[in-house]
Amino acid sequence: MGAAAGAAAFALPTAYAKPLPSPTGQSPTSQVGGGRKERTESFNRADSFIDWQGAVDTDYVEALRALRLAYKLPLDMMRSLATHFKSEAVAGLAGQPSSVRMLPTFVNKRVTGAETGDFYALDLGGTNFRVLRLTLEGGGVVGPVKSMKFAIPDTAKTGTGADLFGFIADGVSRFIALECGGDARGALGFTFSFPVEQSALDAGKLIMWNKGFTASGVIGEDVVQLLQAQLASRGIALQVTALANDTVGTMETAAYKDGAAKVGLILGTGTNAAYLEKTSRVPKWQGAPCEEMVINTEWGNLQMDGYRNVFDVIIDEATSNPGVQTFEKMISGLYLGEICRTSILHPSVARGFSPAAAAQLRATFASPSSFQSSLMAAIEEDTSPTLAEVDRLLHAAGVTSCTVRDRVLLHEACACVSTRAARLSATATAALLEQAQLDQGACTVAVDGTVFECYPHFKQRMEAALDELLPAACTGHPNAPGVKLVLAKDGSGIGAAIIAALA
Ligand code: BGC
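Residues numbered from 1 in each chain as written. Predicted model: local features only at pLDDT ≥ 70, side-chain atom pairs only at ≥ 80, totals over all residues. Heavy atoms only, no water.

K.L.:
Can you break down the sheet that holds strand E12 (residues 271–278) residue by residue, with the values?
P.N.:
With mixed pairing, the 6 strands of this open sheet are ordered in space as E3-E13-E12-E11-E14-E15. Only two strands of the sheet have a single neighbouring strand rather than two, namely strand E3 (103–104) and strand E15 (483–487). Helix H7 (residues 246–255) rests against strand E11 (261–267), E12, strand E13 (292–296) and strand E14 (443–448) of the sheet, and its axis sits at about 135 degrees to E11. (Pairing = 2+ DSSP bridges. Helix = DSSP H or I, 4+ residues; strand = E, 2+ residues; numbered from the N terminus. Contact = heavy atoms within 4.5 Å. Axes fitted to C-alpha atoms, helices over the stretch in contact; angles between N-to-C directions.)

Put into structure tokens, the structure is as follows:
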């Protein structure tokens, strides 16, 4: 290890005059508190390796520079993106061409917490689907939840609609046999986490697939009918009485015990948001008059031209739906690992690794999806001085020749990618709160999804960015009466049962 390997100073060696950008675009020394403190530490560690074995290593410096420039998202860029989001949202609400669909959900009653009864729910999201049975006990209390989770095989995702809905109905059938004594009847809430044009609380046609689903014969069809037909053909007597997006379910799960929950986010395999809007501000609403309506924004499709870097473009072009869901492809769990993989293998970053490590990284992570978001999370979890756990993880994957500096560069790549994702998520959240005028008083933003729940520092980084964007809302301070990000665990499934109760 070089002489300066242990040094913690941020200052660049004088031999290298151009200062490196900080990942957020701010001066690192001004970053304090929450996600910013942790980011500054990792940032300083990466910089401390610039002086390597007695000399400045230009390749390493340029690799750091390439990463930080590609992923920086300073406050002025967040503000411009928020303005872009708001104008797309207004157009979407007016029924004008927009990349943000702003779909009315037919959920026009507030959940009070007093709803009671036994319900079933089915949650089809991205990686898994879950079947649940639960009792709403009133007083904001959800009784014990029975549930089963099934991984969705690629054959079901990419076969026919009958394959997919048949697979789901088979899962429901197993659940009834194993958990419900073979007999189940009553109302079922169906969480279907894809863009749907609803025509009623219990009816809606799929607009398009995403997150790697391509099952044929579903686009343009009523997904409730497709599910109901498969249930009926197996003799299952459950009645789908509510169709809900996972964001809506998440918001309603939180609202069952917290009247301030007016926004629901998913930060998981995919990303999206729903919120409570006044129908007077939804010019395209033609349905029965009502005061408020939950709107499913489908923000994952926000057009990101002008905000994407070279790696984002490469990834988008390799997906089954290039040009769409471009915001989602910069944020969500399905893509984070792939963004990182593409970045570290790109010559502009790969040059910063030692030759042996670069060669092994290239060989080990040659194929798409070989570097998962969960690996990124595990890498960022390691805060030990030599990144010993990163070393262990890399060995297990087949990368056996890496120096501590190689590990630090890899760690920095993960941090750049995930910090940008958190800041992008915060930017759209702040824009939505402003658009709905929810940034003034108390507002709970309910969040579900593995990226938010499990990715180290993601919540803190979001809060730090929200504090920059909405300083008066005090998001990062648990006791302030402002905007709060709250984990609504399993919200997407439980929420469908709550919406079924509203029906
Ligand atoms: C879908 C949304 C969903 C989100 C999170 C996106 O890909 O379009 O409907 O809410 O993923 O699951």
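K.L.:
A description of the packing of aromatic side chains should follow, citing residues and the corresponding values.
P.N.:
The description of two aromatic rings rests on the distance between their centres and on the angle between their planes. Under the criterion given, the structure shown has 15 aromatic pairs. Ring plane angle 10 degrees and centroid distance 5.9 Å describe the contact between Tyr 71 and Phe 311, whose orientation is recorded as stacked. In this pair, Tyr 71 sits in helix H2 (residues 58–71) while Phe 311 sits in helix H8 (residues 310–318), placing the two residues 240 residues apart along the sequence. Exposure class is identical for Tyr 71 and Phe 311. Each is buried. Here the aromatic cluster, defined as three or more aromatic residues joined through ring pairs, consists of Phe 165, Phe 190, Phe 192, Phe 194, Trp 209 and Phe 213. Lying over the aromatic face of Phe 194, Lys 211 brings its terminal NZ or CZ to 4.6 Å of the ring centre. (Phe/Tyr/Trp six-rings, centres within 6.5 Å; stacked < 30°, edge-to-face > 60°. Buried < 20%, exposed > 50% of the residue type's maximum accessible area, 1.4 Å probe, protein only. Lys NZ or Arg CZ within 6 Å of the ring centre and 35° of its normal.)

K.L.:
Describe the sheet that holds strand E4 (residues 116–124), naming the residues involved and giving the relevant values.
P.N.:
The strand order across the open sheet formed by 5 strands is E6-E5-E4-E7-E10, and the pairing between neighbours is mixed. For this open sheet the edge positions go to strand E6 (141–151) and strand E10 (237–244), each flanked by a neighbour on one side alone. Across the sheet, the mean angle separating the axes of adjacent strands is 25 degrees when strand polarity is ignored. Note: strand E5 (residues 128–138) against E6, 9 bridges, orientation antiparallel. Within E6, the residue paired with Asn 128 across the bridge is Ala 151. Seen against the sheet, helix H6 (residues 223–233) touches E4, strand E7 (185–192) and E10 and runs at an angle of roughly 165 degrees to E10.

K.L.:
Tell me about the nonpolar core, and please be specific about residues and values.
P.N.:
Counting residues in hydrophobic clusters, the biggest one holds 94 residues, and the most contacted among them are Phe 85, Val 263, Leu 265, Leu 267, Phe 353, Phe 371 and Met 462. Apart from the residues lying within four places of it in its own chain, the contact partners of Phe 353 are Ile 344, Ala 358, Leu 361, Asp 406, Leu 409 and Leu 410. With 36 residues, the next largest nonpolar core counts Tyr 120, Ile 168, Ala 184 and Phe 190 among its residues. (Core = buried A, V, L, I, M, F, W, Y, C linked by side-chain atoms within 4.5 Å.)

K.L.:
Report on the pattern of salt bridges, specifying residues and quantitative values.
P.N.:
With the rule as written, the count across this model stands at 25 salt bridges. Note that Asp 123 and Arg 130 form a salt bridge whose closest N and O atoms lie 3.6 Å from each other. Summarising the burial analysis for this pair, Asp 123 and Arg 130 share the class buried. Among the charged side chains, a salt-bridge network with shared partners connects Asp 305, Arg 308, Asp 316 and Lys 329. (Salt bridge = Lys/Arg side-chain N within 4 Å of Asp/Glu carboxyl O.)

K.L.:
Could you give me a rundown of the pairing of E4, with the residues and numbers involved?
P.N.:
Bridging between E4 and E5 involves 9 bridges; their strand directions are antiparallel. Looking across to E5, one finds that Thr 116 is bridged to Glu 137. For E4 and E7, the ladder comprises 5 bridges, and the chain directions are parallel. Residue pairing for E7: Leu 124 is matched across the bridge by Phe 192.

K.L.:
Can you lay out the side chain of Asp 316 for me, pointing to particular residues and giving the numbers?
P.N.:
Tracing the backbone through its elements, the reader meets Asp 316 in helix H8. Classification of Asp 316 as buried rests on a relative accessible area of 5%. Beyond its immediate chain neighbours, meaning those up to four positions away, Asp 316 contacts Arg 308, Asn 321, Pro 322, Gly 323, Val 324, Thr 326 and Lys 329.

K.L.:
Any chance you could break down unusual backbone geometry for me, citing the residues and the numbers?
P.N.:
Its identity as a non-glycine residue notwithstanding, Ser 369 has a phi of 70 degrees, on the positive side. Even without being glycine, Gln 437 reaches a positive phi, approximately 55 degrees. Positionally, Gln 437 belongs in the loop between helix H14 (404–435) and E14.

K.L.:
Before we move on, can you summarise the state of the cysteines with the specific residues and values?
P.N.:
If you walk through the whole model with that rule in mind, you get 0 disulfides. Considering cysteine sulfurs only, Cys 414 is the nearest to Cys 340, which forms no disulfide, with 3.8 Å between them. (Disulfide = S-S within 2.5 Å.)

K.L.:
Would you mind going over helix H13 (residues 388–397) in detail, with residue names and values included?
P.N.:
Looking only at H13, the buried set comprises Val 390, Leu 393 and Leu 394. For H13, the buried positions fall inside an angular range of 95 degrees around the axis, keeping them on one side. For H13, the secondary structure elements touched by its buried residues are helix H11 (355–364), helix H12 (373–381) and H14. Following H13 by one or two positions, Gly 398 adopts a phi angle in the positive range, close to 115 degrees. (Arc of directions from axis to C-beta.)

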